[in-house]
Amino acid sequence: MEITYASHSFADLRTASMASTTTAALTRPVRVIPMQHPNVASSSSPAPNVSVLRWVSKLRQMTWLEWMEFFLPCYRWIRIYKWREYFQVDLMAGITVGVMLVPQSMSYAKLAGLQPIYGLYSGFVPIFMYAIFGSSRQLAVGPVALVSLLVSNVLGSVADTSSELYTELAILLALMVGVLECIMGLLRLGWLIRFISHSVISGFTTASAIVIGLSQAKYFLGYDIERSSKIIPLVKSIIAGADKFSWPPFVMGSVTLTILLVMKHLGKSRKYLRFLRAAGPLTAVVLGTCFVNIFHPPSISLVGPIPQGLPKFSVPKAFEYAESLIPTAFLITGVAILESVGIAKALAAKNGYELDSNQELFGLGVSNVLGSFFSAYPTTGSFSRSAVNHESGAKSGVSGIVSGIIITCALLFLTPLFENIPQVDYDEAIFLWRVDKKDFLLWTITSTITLLLGIEIGVLVGVGASLAFVIHESANPHIAVLGRLPGTTVYRNVKQYPEAYTYNGIVIVRIDAPIYFANISYIKDRLREYEVVVDSATRRGPEVERINFVILEMAPVTYIDASAVQALKDLYQEYKLRDIQIAISNPNPEILLTLSKSGLVELIGKEWYFVRVHDAVQVCLQHVQSLKPGGGGSDSSRTSRSSSPSSFAQPREENRTSIDLESGYGKPPLSRIRDSQSEPLLSKEH
């Protein structure tokens, strides 16, 4: 479709474009793809919720197999399970993780201030429930160090760790956490975790690891240490009790720790020895138990008697404390989600299947709810055990079921053997510093606050700082000035592609974010800056003294609100006073409909909305051409330009073709001497 545009020197561009027959000498035809404008009248009535209708339609079309997969996610892998190929690797992976879980679960229970048996209980029912209702095929569910430390720090201020109330509150927390996770899954609130930066998670876990290590130092040193989630009280307590230091537990702990580290290193560095990584905790337990049974050292504390048998069904108690535990339940839920869903998604990507974070939340919730009826405290996915499960070749939830069977056997037959078990238990920062200084700052804030003020405040400050960074980035979006790549009609960031050139009198700006009330002021300030700051070295085309056209490339803009629309109207009026025309390029249908309903399309003019940036540039170049002496501009334009020397040796305007005008020179187009596909790909700035 060919559209003829009139010179910009006319007072009314739309009227002038209709009078093209009388100004043929001043115009040139340009081929422009017509913009399809929405019918505002038909769109003004409230439309039904399309997403709801699609969801209802999808439910109606679901087969009984899809309904099975919806309520029982395990059916997804059961119906495609290759027993001959998968069962052996699932069996070995399940045994490996189960052997690793037995000593870990007991030590995590001690960290939570509970008796070791509750760690085994927490690794019993939740594992089986997650295998049925969870969507990850490699995630290993059970007690984890971080959640255990949170339980200890919060409940320690409510009840004594040796009291029955303390245990009841821990079990009640599992129920509350499970209910919250189920609600979040059913309401599809899994997207909330996207606002938590990886730096926050890393800083939080790093600081927590230090706190956990110091809190467990009592088993190395041979004397009690104050229970706290802050590093300063822990260090003070360690120093204050130095006169009670005992050598036997220190030697035992050091030897055990060495065994764990060596076996972990060998398991990670050599594939044929990877079973050692999982066998490390069990090996340390077996050697420690043998040593105690042989030498009976009096200064080494033991686990003590552990009840034998499976947990009995019982309803959680102490509901009168539920209201005071709600903040803690939210905190543990958030930490559990961060530690679990991220791992599950990464494992799903590595194993080639999709994972629904909302279904994952529901699966974790069901595991905790049902686990609480069998004396379990809050559980979630474990990073270390999930990594071992994946490295051992796990293909499905069968590996989790096998791990559950190992725990069942331990509860039924092996608890008497656990009585004499001795009680023993900067790379990320460098990476973040190299990659992104903001992430390093976030990591530093989270880890420092967690160490100094405790885990609860550390989580809140970390999440708050992460949200603050998100808000800052949203309020100060990336905006790029575009230039044309030589020999093409493609326009890219001039900082990313230095060889891209711009045109005199025209500035092309791409806004790489939704436009709304929080960032519209920043966007307007940047547009004014681009109007004043002009890099003449990369500019081509007819010389003019100032910017006459601002082209807004709106392809990346996914949303625009009423405040932004009003600000654009104000900007248009401001530009109009300075004889600057706005052109809009490539808005998506929703954006275009919003602009139409607000009257901004009519205000700017439909002829100034374009499908491509190149279309807008062609039309704007035609009007810029009219501002040159001899180009058909007004007398004032000629007067203002007559005394301005030209920095380019250009041919007479009337003899130049449309391609000559767009390239800025009277030379053959660059596409004849350069392959348009050979533009550089190396990014310098995004």
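Residues numbered from 1 in each chain as written. Predicted model: local features only at pLDDT ≥ 70, side-chain atom pairs only at ≥ 80, totals over all residues. Heavy atoms only, no water.

Peer 1: For this particular structure, what's the right way to read the overall build of the protein?
Peer 2: Counting its secondary structure elements, the protein contains 29 helices and 12 strands. Of all 686 residues assigned to the protein, the portion counted as buried reaches 50%. Here the protein displays about 33,300 Å² of accessible surface, and carbon together with sulfur accounts for 62% of that area. (Helix = DSSP H or I, 4+ residues; strand = E, 2+ residues; numbered from the N terminus. Buried < 20%, exposed > 50% of the residue type's maximum accessible area, 1.4 Å probe, protein only. Areas by Shrake-Rupley, 256 points an atom, 1.4 Å probe, with all protein chains shown as cover.)

Peer 1: Before we go on, may I ask you to explain the nonpolar core in this structure?
Peer 2: Looking at soluble globular proteins, one finds that nonpolar side chains tend to be buried together. Counting 55 residues, the largest nonpolar core has Ile506, Ile515 and Tyr609 as its most contacted members. Setting aside residues up to four positions removed in sequence, Ile515 forms contacts with Ile520, Ile523, Met554, Val557, Tyr559, Ile560, Asp561 and Ala564. Membership of the second largest hydrophobic core comes to 45 residues, among which are Ala145, Val151, Leu175 and Ile225. (Core = buried A, V, L, I, M, F, W, Y, C linked by side-chain atoms within 4.5 Å. Contact = heavy atoms within 4.5 Å.)

Peer 1: Would you take a moment to explain the packing of aromatic side chains for this structure?
Peer 2: The geometry of an aromatic ring pair is captured by the separation of the ring centres together with the interplanar angle, meaning the angle of the planes. A complete count under the given rule lists 13 aromatic pairs for this structure. Consider the rings of Phe313 and Phe373, whose centres lie 5.6 Å apart with planes at 5°: the pair is stacked. Taken together, the positions of Phe313 in the loop between α15 (275–295) and α16 (322–350) and Phe373 in the loop between α17 (357–372) and β4 (380–382) put the pair 60 residues apart, joining distant regions of the chain. Ring plane angle 70° and centroid distance 5.6 Å describe the contact between Phe313 and Phe374, whose orientation is recorded as edge-to-face. (Phe/Tyr/Trp six-rings, centres within 6.5 Å; stacked < 30°, edge-to-face > 60°.)

Peer 1: I would appreciate a short explanation of the pattern of salt bridges in the present structure.
Peer 2: Close approach of charged atoms lets side chains of opposite charge pair. Applying the stated rule across the entire model yields 8 salt bridges. Taking the shortest distance from any N to any O, the salt bridge between Arg546 and Asp579 comes out at 3.5 Å. A residue pair is termed long-range when its members are at least 10 positions apart, and Arg546 in the loop between β9 (539–540) and β10 (549–553) and Asp579 in the loop between α24 (562–577) and β11 (581–585) qualify at 33 residues. The exposure class assigned to Asp579 is partly exposed, which follows from its relative accessible area of 40%. Several salt bridges share partner residues, and in doing so they unite Asp525, Arg528, Glu574 and Arg578 into one network. (Salt bridge = Lys/Arg side-chain N within 4 Å of Asp/Glu carboxyl O.)

Peer 1: Whenever I open this one, α17 confuses me. Can you help?
Peer 2: An α-helix turns once every 3.6 residues. As a result, residues three or four positions apart point the same way. With 16 residues, α17 ought to run about 22 Å at 1.5 Å a step, and its terminal C-alpha atoms sit 23 Å apart, in line with that. Along α17, 14 of the 16 residues are buried, which leaves the element largely enclosed by surrounding structure. (Expected span 1.5 Å × (residues − 1).)

Peer 1: Explain the confidence of the model for the protein to me, please; I cannot follow it from the model alone.
Peer 2: Detailed conclusions should not be drawn from predicted coordinates in areas where pLDDT is low. The share of residues in the protein with pLDDT of 70 or more is 75%, and the mean pLDDT across the chain is 76. Confidence over residues 425–432 falls short of pLDDT 50; this stretch has 13 contacts with residues more than four positions distant or in other chains. Within the model, the stretch residues 630–686 combines pLDDT values under 50 with 88 contacts to residues more than four positions away or in other chains. (pLDDT = per-residue confidence, 0-100.)

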